[in-house]
Amino acid sequence: MSKQTNTAAPTDSEVILGILNNSETVLKRLYIVYFPMVLQLVINNSGTQDDAKDIYQEAIIVLYNKVKSGEFELSSKLKTFIYSVCRRLWLKKLAHMNRYGGDIHDFQEHLPVEENMDLHTDRDIQFSKMESSLQLLGEPCKTIIEDFYIYDRSMQEICEKFGYTNADNAKTQKYKCLQRLKKLFFQQK
Amino acid sequence: MPATVEEIVFSAEIKRRMDNNQLTEAIERYLNDEMSGEERASFEQYRKANADIDSRITEHQHFAGLLKQYRERIELEERLNAIHNEIDVHALVEEMTVHPSWIVQLWRNHHSKISVAASVAIFAVLTTMFFAGYFNNRNQEHYTELRRQIENVKRTTEQRINQSQLQTVVPQPRRHLNPGNYRGTGFALSANGYIVTNYHVIGDRFDSLYVQNAAGESFYAKLVYSEPQYDVAILKIDDESFKNLPSLPYTFKKGRSDLGENVYTLGYPEGDSPVFDKGYLSSVNGYEGDSVEYRVNISANPGNSGGPLLNSNGNIIGIVSGKQTLAVGASYAIKTKYLLKAIQNVPLDSLSDKLNLSNKNMLTGLSRVQQIKKMQNYVFQVKVYN
């Protein structure tokens, strides 16, 4: 099913260009080509396929953000980079779950990727802070904020969805919510 | 006075809140580039003049950036999830796990069954060990026996007695004698009443010794010399009723005998009449390679100890002394050579009469029955009282 012709490994520069251009096909090819490698790593080191999925997607996000921020320099094969990032992430997760026996069964060559991970770790923290702040925000604020800032819904739509009498009321509500979200966000450690 | 202050603070707070929403909206519009040129210019001026406003704009910008990042990540995750759903992960997992670690799979899927099986196996092994242990306990006799036999090689008297001496313990009621009487066999060395038997038959703690011939006549005897090292004891009949024997029909073979030679013995394993047994020489060495003895395949029994071992020509080749309890038919006989050595070692002053070994064989060529008929008058039952 996944072995279509266009799943042949994209070249590394194709991937970088594709990410910069938001190419869906390149992202898909990239994803499909390297997933098995990561799946193999994770399930053979006491993980499940869901763990593999999480780890792999995180690694793709690392790559994606790095490319988007213009920091990415192709100093090794992309494959090695992805594998190394996944390996690093998985070791961290294993350690977190106290399941790491000090020994990992490797399938690919890998590089130290510590410095690449700093930015990601930072972003990851911000992301989970935002996620939990939104949870704490509660309804209807959470949905209003998400609709407006994430799903790009117009104030008019939001107004109708929540039954506000006019857009101004909705706007006031939105700013109140945003204010609370900021507060929640910056209060979190 | 304090009321006024509170009032002022309160109204200022309200004002700030009112401003807050408007200000946030303005900032948002400013950052999103939604302001007209004029409005933008005045807002920028307002920002420059007011450091507080400037920091609020920066803060909002930062937060908007975070929101954007959050949004991008959520969008990317959605895209990735969509791609992921197209992958047949199960097939991949199968492909990767089946062959690298089927044992692990087996264990994961069946560990409870395997555990039960292992428990059963352990139980079975323990059970088997229990039974085997039971047999081992019986076999330990074998082990002890062996040890005893080894100790026997050391030739300490008590151990020899323990082992397999061919002497009988006389049942007490039959003899009306004190317990611990032993019997063995002995045979004449010379016509004047010297008799040889095994040292272990008499031991070193006896009260009196008697010898009894085939006719049932008993004679008192005394110990002349013993050599525990070779298990040889020499007695002398010291009884008035004893008359010298006719000259001995057999001789003592000094050289070594060969494997397979037919041999026989006469002894008193049972009752008061001599018992005949035959066999062959099965090894030139005795128990555990003991060179003092021959190994003889003959059915010797307790009571046979000290009896003569003759070859078919009527030469004495040894003194029957013991048998192996484990191997059927394995008996041992002291070689004549050591008997002769012992005779040589007898101190002259303990000899009341001369000890002359006969050198004339009158048995050669006779049939076995004839040989035995002549022999049996020279074979005695040795009775030990203590």
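Our structure's up above, just so we're on the same page.
To keep things clear, this report deals only with the structure shown in the data block. (Residues numbered from 1 in each chain as written. Chains lettered and ligands numbered in written order. Predicted model: local features only at pLDDT ≥ 70, side-chain atom pairs only at ≥ 80, totals over all residues. Heavy atoms only, no water.)

Scanning chain A from terminus to terminus reveals eight helices and zero strands. Each helix and strand of chain A, placed in order from N terminus to C terminus, yields the pattern α-α-α-α-α-α-α-α. Counting all 189 residues of chain A, 47% fall into the buried class. Residue pairs at least 24 apart in sequence account for 64% of intrachain contacts in chain A once pairs closer than 6 positions are excluded. Total accessible area computed for chain A in this model is approximately 9,700 Å², and 49% of it derives from carbon and sulfur atoms. (Helix = DSSP H or I, 4+ residues; strand = E, 2+ residues; numbered from the N terminus. Buried < 20%, exposed > 50% of the residue type's maximum accessible area, 1.4 Å probe, protein only. Contact = heavy atoms within 4.5 Å. Areas by Shrake-Rupley, 256 points an atom, 1.4 Å probe, with all protein chains shown as cover.)

With that settled, the discussion passes to the interface of chain A and chain B. In this assembly, 46 residues from chain A lie in contact with 34 residues from chain B. Summed over both partners, the interface of chain A with chain B comes to about 4,200 Å²; 65% of that surface belongs to carbon and sulfur atoms. Counting the surface chain A buries against chain B, the share from its top three residues, A:Phe127, A:Ile150 and A:Tyr175, is 15%. On inspection of chain A and its partner chain B, the count reaches four salt bridges. For B:Arg73, the salt bridge is made with A:Asp124, and the minimal N-O distance between the two is 2.6 Å. For the side of chain A that touches chain B, the secondary-structure elements that each account for two or more residues are helix H2 (24-43), helix H3 (49-68), helix H5 (114-137), helix H6 (141-150) and helix H8 (167-187) of chain A. For the side of chain A that touches chain B, the element with the highest residue contribution is H8(A), accounting for 11 residues. Split by residue class, the side of chain A that touches chain B holds 23 nonpolar, 10 polar and 13 charged. (Buried area = accessible area lost by both parts, 1.4 Å probe. Salt bridge = Lys/Arg side-chain N within 4 Å of Asp/Glu carboxyl O. Nonpolar A, V, L, I, M, F, W, Y, C, P; charged D, E, K, R; others polar.)

Glancing now at the state of the cysteines. Residues and elements named next belong to chain A. As enumerated under the stated definition, the model contains one disulfide over all chains in all. Through a disulfide, Cys141 is tied to Cys177; the S-S separation comes to 2.0 Å. The sign of the S-S torsion, about -75°, decides the handedness of the disulfide formed by Cys141 and Cys177: left-handed. Remark: Cys177 occurs in helix H8 and Cys141 occurs in helix H6; sequence separation between them is 36 residues. With respect to class, Cys141 is no different from Cys177; both count as buried. (Disulfide = S-S within 2.5 Å.)

What follows deals with the packing of aromatic side chains. Per the stated rule, a full pass over the model turns up 18 aromatic pairs over all chains. With a centroid separation of 5.4 Å and an interplanar angle of 75°, the aromatic rings of B:Phe130 and B:Phe131 are classed as edge-to-face. Relative accessible area serves as the criterion here: at 47%, B:Phe131 is assigned to the partly exposed category. Seen from their ring centres, B:Tyr210 and B:Tyr385 are 5.7 Å apart, and the 70° between their planes marks the pair as edge-to-face. Note that B:Tyr210 is positioned in strand E4 (residues 208-212) and B:Tyr385 in strand E14 (residues 379-385), a separation of 175 residues in sequence. B:Tyr210 sits in the partly exposed class, given a relative accessible area of 29%. Among the aromatic residues, those joined into a cluster by ring pairs are B:Phe187, B:Tyr250, B:Phe252 and B:Tyr378. The side chain of A:Lys174 reaches across the aromatic face of A:Phe148, ending 3.9 Å from its centre. Directly above the aromatic system of B:Tyr194 lies the positively charged group of B:Lys236, at a separation of 5.4 Å from the ring centroid. (Phe/Tyr/Trp six-rings, centres within 6.5 Å; stacked < 30°, edge-to-face > 60°. Lys NZ or Arg CZ within 6 Å of the ring centre and 35° of its normal.)

Moving on, we get to unusual backbone geometry. Residue and element names in this part refer to chain A. Along the chain, Glu139 connects to Pro140 via a cis peptide bond; the corresponding omega equals 0°. Of note, Pro140 is situated in the loop between H5 and H6. Positive phi, normally seen in glycine, also occurs at Asn22, with a value near 55°. With respect to the helices and strands, the residue Asn22 is situated in the loop between helix H1 (12-20) and H2.

Under the criterion given, the structure shown has 14 salt bridges over all chains. Here A:Glu14 makes a salt bridge to A:Arg29, at a shortest N to O gap of 3.4 Å. Placement of the pair is A:Glu14 in helix H1 and A:Arg29 in helix H2, with a sequence separation of 15 residues. Note on A:Arg29: relative accessible area 18%, which makes it buried. One salt bridge in this structure joins B:Glu86 and A:Lys28, with 2.6 Å as the shortest N-O distance.

Moving on, we come to the pairing of strand E13 (residues 330-335) of chain B. Walk down a regular strand and you will see the side chains alternate between the two sheet faces. All names here are of chain B. Most of E13 is tucked away, with six of its six residues classed as buried. Direction of pairing for strand E12 (residues 315-323) relative to E13: antiparallel, over a ladder of five bridges. Bridge pairing in E13 places Ile319 opposite Ile334. (Pairing = 2+ DSSP bridges.)

On to the side chain of B:Asn213. Residue and element names in this part refer to chain B. Mapped onto the elements of the fold, Asn213 is located in the loop between E4 and strand E5 (218-227). What makes Asn213 buried here is its relative accessible area of 11%. Within polar-contact distance, the side chain of Asn213 engages the backbone nitrogen of Ala215 at 3.1 Å. At 2.9 Å, the side chain of Asn213 forms a polar contact with the side chain of Glu217. The contacts of Asn213, once residues within four sequence positions are left out, are Phe219, Tyr268, Val379 and Phe380. (Polar contact = N/O pair within 3.5 Å; in protein donor to acceptor, adjacent residues only side chain to side chain.)

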